[in-house]
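In case you want the letters, here they are:
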Amino acid sequence: MYKVIDGGVCAAKGYRASGINCGLNSDKNKNDLALLVSDVDADTAAVYTQNKVKGAPVMVTKSHIEASGGVSRAVVMNSKNANTCNADGEEKAERMCRAVSERLGIENDKVLVASTGVIGQILPVELIENGMDELIAGLSYEGNAAAATAIMTTDTVKKEYAVEFELGGKRCVLGGMAKGSGMIHPNMATTLNFITTDAAVSSELLQRALSDIVKVTYNCLSIDGDTSTNDMIILQANGLAGNGKLVSEDQDFEVFKGALFVVMRELTKMLAKDGEGATKLVECNVSSAPDKDTAIIVAKSVIRSPLLKCAVFGEDANWGRVLCAIGYAEAEFDITKVDVDFESAAGTVAVCRNGAGVEFSEDEAKKVLSEDEIKVNVALNIGSESASAWGCDLTYDYVKINGDYRS
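These numbers come from a predicted model, not from an experiment.

Draft legend 1. A look at the confidence of the model for the chain. For the chain, per-residue confidence averages 91 on the pLDDT scale, and residues scoring 70 or more make up 92% of the total. Here residues 182-190 scores under 50 on pLDDT; set against residues more than four positions off or in separate chains, the count is 53 contacts.

Structure representation (structure tokens):
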């Protein structure tokens, strides 16, 4: 039903993007400023960080979406400087928006803004304003890669994904880009994420779909237990695919939600795999839970365990750490019914049955854990619901990266 295609945030009809170095990043070979523009007004939904300290771009974007009635045309974004905890932060975020709206001739409230980088440093917004003509001149329907690299901080790879599908006999596309490598923890919409579609969907249904899907994707992601101040997801739908506009929760809406789930799940996995200093993607799959919430809570508890993350890095099948993490999850279940397996491309090894250890080959377990993608499969054996969560191992390099992040 969903075919993977290239193009990321520009894969859908009517979206152009660009990315340049405007001087925020001293390395002139690295982009630090990006712009995403829809050819026409796009219904828009968003989810924001739950950190009580919120970056100025979050506040400005939220106010613009509310003022425009859930419609946007453009998103301007920068890396290297989060524009957070600054007295002039909102003023400068607004200046970024005006620099776009004045040049493109669109209403200011239809321009959204996002920033990522160091917290508490004054944003030299003049660099962004001075680079705006070049940024706009570079807008292209193939500009997704330039934009995706411009939002990277400690990311080692750009993160893009897109799929095509049908609604009412019309070909539709949904694609996105994401950034994030550290300061990532559940309960928002972790990191900066921009998703576009040419499907016609009302802003109300967009918000409903985004809020539902974020719960089982981005909110099931944890790198280090820190929830960023600037996290947001922006979802735009410009309707250029020509399908009948989705205004009710019918079968077409379920198809649309499926596409959104696929893209957000894959971006979530990319974010987890590229965690700061990470060498392994860790996926916890919880099955046979009494309800969805229990499955989510248990899966998230496992992937955020620092001790388990260290064990995975050391390729040590210390399954007791899995049971420990399950045990302090704030959910009701019977630990004496729990089974645990480790799985990877190298095979599967059973390490726990009915809450107790079973004999297994340490050599075989080492082989399984030596792969770069590890699954921890937990069966609660008291129901039929399931959920997954994603994280990474904890390595020496994580400390090194964050020990001199500002430099």
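Draft legend 2. Just the sheet that holds strand E10 (residues 281-289), in detail. Read from one edge of the open sheet, 6 strands run E13-E12-E11-E14-E10-E15, paired in mixed fashion. Single-partner strands in this sheet number two, and they are strand E13 (356-357) and strand E15 (385-392).

Draft legend 3. Spatial organisation of the UniProt feature "binding site: substrate" (unreviewed entry) in the chain. In this structure's numbering, the residues bearing the UniProt feature "binding site: substrate" (unreviewed entry) are Thr153, Lys179, Thr190, Glu276, Asn402 and Ser407. In this structure, lysine 179 sits in strand E7 (residues 170-179). Apart from the residues within four sequence positions on either side, lysine 179 is in contact with Thr116, Ile151, Met152, Thr153, Asp155, Thr191, Leu192 and Leu271.

Draft legend 4. Structural context of the pairing of strand E12 (residues 347-353). Of the pairings in the sheet, the one linking strand E11 (residues 339-344) to E12 comprises 5 bridges and is antiparallel in character. Considered in E12, the bridge of aspartate 341 is made with alanine 350. Inspection of the sheet shows E12 paired to E13 by 2 bridges, in the antiparallel sense. By the bridge assignment for E13, cysteine 352 is matched with glycine 357. Linking two consecutive strands that pair antiparallel, namely E12 and E13, is a turn of 2 residues; a positive phi of about 55° is found at asparagine 354 within it.

Draft legend 5. Unusual backbone geometry, seen in detail. Its identity as a non-glycine residue notwithstanding, lysine 80 has a phi of 80°, on the positive side. The topology assignment puts lysine 80 in the loop between strand E4 (71-78) and helix H2 (89-104). Backbone geometry at asparagine 83 places phi at a positive 50°, although glycine is not the residue there. With respect to the secondary-structure elements, asparagine 83 resides in the loop between E4 and H2.

Draft legend 6. Layout of the side chain of threonine 84. Structurally, threonine 84 can be placed in the loop between E4 and H2. Exposure remark for threonine 84: the relative accessible area of 1% places this residue in the buried category. Engagement of the side chain of threonine 84 in a polar contact is seen with the backbone oxygen of alanine 82, the distance being 3.1 Å.

The rules behind each value
Residues numbered from 1 in each chain as written. Predicted model: local features only at pLDDT ≥ 70, side-chain atom pairs only at ≥ 80, totals over all residues. Heavy atoms only, no water. pLDDT = per-residue confidence, 0-100. Contact = heavy atoms within 4.5 Å. Pairing = 2+ DSSP bridges. Helix = DSSP H or I, 4+ residues; strand = E, 2+ residues; numbered from the N terminus. UniProt positions renumbered as here; feature names shortened; annotations may be inferred. Buried < 20%, exposed > 50% of the residue type's maximum accessible area, 1.4 Å probe, protein only. Polar contact = N/O pair within 3.5 Å; in protein donor to acceptor, adjacent residues only side chain to side chain.

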